[in-house]
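An overview of the molecular structure
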Amino acid sequence: MGKVDWSTQKTKETIGIWGTESGCGATHLAISLASYITGRERMSTTLAECNTSQAFAKLEQVYEALPKASERQEFFIHGIRYKKQVLLEEVRRIQAAGQECLIMDFGKASNQLWECFLSCKTCIVVLSLREWKLPSFELFMEETKGHKERKNWCFVVRDGFREDLREMEKRYQIHLKQMPYEADPFQIRRENMKFYETLLRIGRR
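1. Considering the overall build of the protein
On a plain count of helices and strands, the protein comes out with 7 helices and 8 strands. Relative to the compact-globule value of 17 Å for 205 residues, the protein shows a C-alpha radius of gyration of 16 Å, a close match. Its C-alpha atoms give the protein principal-axis dimensions of roughly 45 × 35 × 30 Å. Of the contacts made within the protein by residues no fewer than 6 positions apart, 71% connect residues no fewer than 24 positions apart. A total of about 10,700 Å² of accessible surface is found on the protein, and carbon and sulfur atoms cover 50% of it. Averaging the positions of the 33 positive and the 28 negative side-chain charges in the protein gives two centres separated by 4 Å.

Right, dumping it as structure tokens:
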């Protein structure tokens with residue numbers, strides 16, 4: 001999946017979410033953010049699975065109580081369109097259709113998808129500071145240190161000690177936002193609204 005020239009496309013908002021490690025919360029955040037944008041900002045939203053985890057197939061199966069995973073390429077939950085296993089050509093088709101908001105869940109994707117992530121108007125990196133996952137974050141920061149646009153990315157921490165968070169902020173000269181507890185990513189809690197509002201404001205600068 002290569003770079004997309006969003007300037008030639010019609011979509012108003014493009015958000016890429018990249019995880020530095022499997023299981024660090026990228027998909028959970030993607031669903032929560034889609035729920036916020038759809039419910040609070042009243043934007044038509046597509047959430048595209050740009051990784052090979054097959055999490056969306058499992059989500060559809062559980063949510064719709066299916067006996068087995070369906071072969072459908074898309075489904076809807078609370079007005080949000082979920083697209084499974086999306087490739088570059090499908091992303092371009094969504095763009096050409098003039099979707100109001102496209103969120104791409106890269107998860108812990110291969111570096112082949114990196115250029116597509118960088119093409120997004122808002123880039124969000126999700127990480128964990130648990131000691132067994134910390135090396136993945138450190139490697140990510142080492143590999144991206146040459147990217148001038150990194151200063152505009154949003155860094156979100158799912159878990160970790162406050163002392164580690166402050167240490168990483170100081171070491172890499174970035175601001176880490178703590179992801180709030182969201183038991184149900186389809187129903188955003190009122191006390192968490194500010195987090196999503198701030199996250200989008202940072203990305204839209």
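Having seen the structure, we can now continue with the description.
2. Observations regarding helix H7 (residues 193-203)
Among the residues of H7, Phe195, Tyr196, Thr198, Leu199, Leu200, Ile202 and Gly203 are the ones counted as buried. Structurally, H7 contributes buried residues whose contacts are with strand S1 (13-19), helix H1 (26-40), strand S6 (122-127), strand S7 (154-157) and strand S8 (176-178).

3. Focus on the sheet that holds strand S5 (residues 101-107)
Read from one edge of the open sheet, 8 strands run S3-S4-S2-S5-S1-S6-S7-S8, paired in mixed fashion. The outermost strands of the open sheet, each flanked by one partner alone, are strand S3 (74-77) and S8. When strand polarity is set aside, the average angle formed by the axes of neighbouring strands in this sheet is 25°. Here helix H2 (residues 55-63) sits on the sheet and contacts strand S2 (45-49), S3, strand S4 (80-83) and S5; the angle it forms with S3, its principal contact strand, is near 55°. Packed onto the sheet, helix H3 (residues 88-96) meets S1, S2, S4 and S5 and runs at close to 160° relative to S5.

4. As for the side chain of Thr38
Within the secondary structure layout, Thr38 lies in helix H1. Among the polar contacts listed, one links the side chain of Thr38 to the side chain of Thr45, at a separation of 3.2 Å. Not counting residues within four places of it along the chain, the set of residues in contact with Thr38 comprises Met43, Thr45, His78 and Ile80.

5. Details of the packing of aromatic side chains
For the coordinates displayed, the defined rule picks out 16 aromatic pairs. Here the aromatic rings of Trp18 and Phe117 are separated by 5.5 Å at their centres, their planes lie at 50°, and the arrangement is tilted. Of the two residues, Trp18 sits in strand S1 while Phe117 sits in helix H4 (residues 114-118), which places them 99 residues apart along the sequence. The pair formed by Trp18 and Phe117 is uniform in burial state, with each residue classed as buried. Taken together, a centroid distance of 5.7 Å and an interplanar angle of 25° make the contact between Tyr36 and Tyr196 stacked. Remark: Tyr196 occurs in helix H7 and Tyr36 occurs in helix H1; sequence separation between them is 160 residues. Tyr196 sits in the buried class, given a relative accessible area of 1%. An aromatic cluster is built from Trp18, Phe106, Trp114, Phe117, Phe140, Trp153 and Phe155, whose rings are joined through pairwise contacts. If you follow Arg130 out to its NZ or CZ, it ends over the ring of Phe161, 5.8 Å from the centre.

6. With respect to the nonpolar core
Ranked by internal contacts, the top residues of the largest apolar core, which has 33 residues, are Ile17, Leu29, Tyr82, Ile103 and Ile124. Sort the elements by how many residues they give to this core and H1 lands first, with 8 residues. Other than its neighbours up to four places away in sequence, Tyr82 contacts Ile31, Leu47, Phe56, Leu59, Gln73, Glu74, Phe75, Ile77 and Phe186.

7. Some details on the confidence of the model for the protein
Here the protein averages 88 in pLDDT, while 94% of its residues score no lower than 70. Ranking the elements of the protein by mean pLDDT puts H3 last with 76 and S4 first with 96.

8. Thoughts on the pairing of S3
Burial along S3 is one-sided: Phe75 and Ile77 are buried, and none of Glu74 and Phe76, which face the opposite way, are. Judged from the 4 bridges that link them, S3 and S4 form a sheet pairing that is antiparallel. Bridge pairing in S4 links Ile77 to Ile80. Hairpin geometry of S3 and S4 is characterised by an intervening segment of 2 residues between the two adjacent antiparallel strands and by a positive phi of about 50° at His78.

Basis of the calculations
Residues numbered from 1 in each chain as written. Predicted model: local features only at pLDDT ≥ 70, side-chain atom pairs only at ≥ 80, totals over all residues. Heavy atoms only, no water. Helix = DSSP H or I, 4+ residues; strand = E, 2+ residues; numbered from the N terminus. Rg over C-alpha atoms; globule rule 2.2 N^0.38 Å. Contact = heavy atoms within 4.5 Å. Areas by Shrake-Rupley, 256 points an atom, 1.4 Å probe, with all protein chains shown as cover. Lys, Arg positive; Asp, Glu negative; His and termini not counted. Charge placed at Lys NZ, Arg CZ, Asp CG, Glu CD. Buried < 20%, exposed > 50% of the residue type's maximum accessible area, 1.4 Å probe, protein only. Pairing = 2+ DSSP bridges. Axes fitted to C-alpha atoms, helices over the stretch in contact; angles between N-to-C directions. Polar contact = N/O pair within 3.5 Å; in protein donor to acceptor, adjacent residues only side chain to side chain. Phe/Tyr/Trp six-rings, centres within 6.5 Å; stacked < 30°, edge-to-face > 60°. Lys NZ or Arg CZ within 6 Å of the ring centre and 35° of its normal. Core = buried A, V, L, I, M, F, W, Y, C linked by side-chain atoms within 4.5 Å. pLDDT = per-residue confidence, 0-100.

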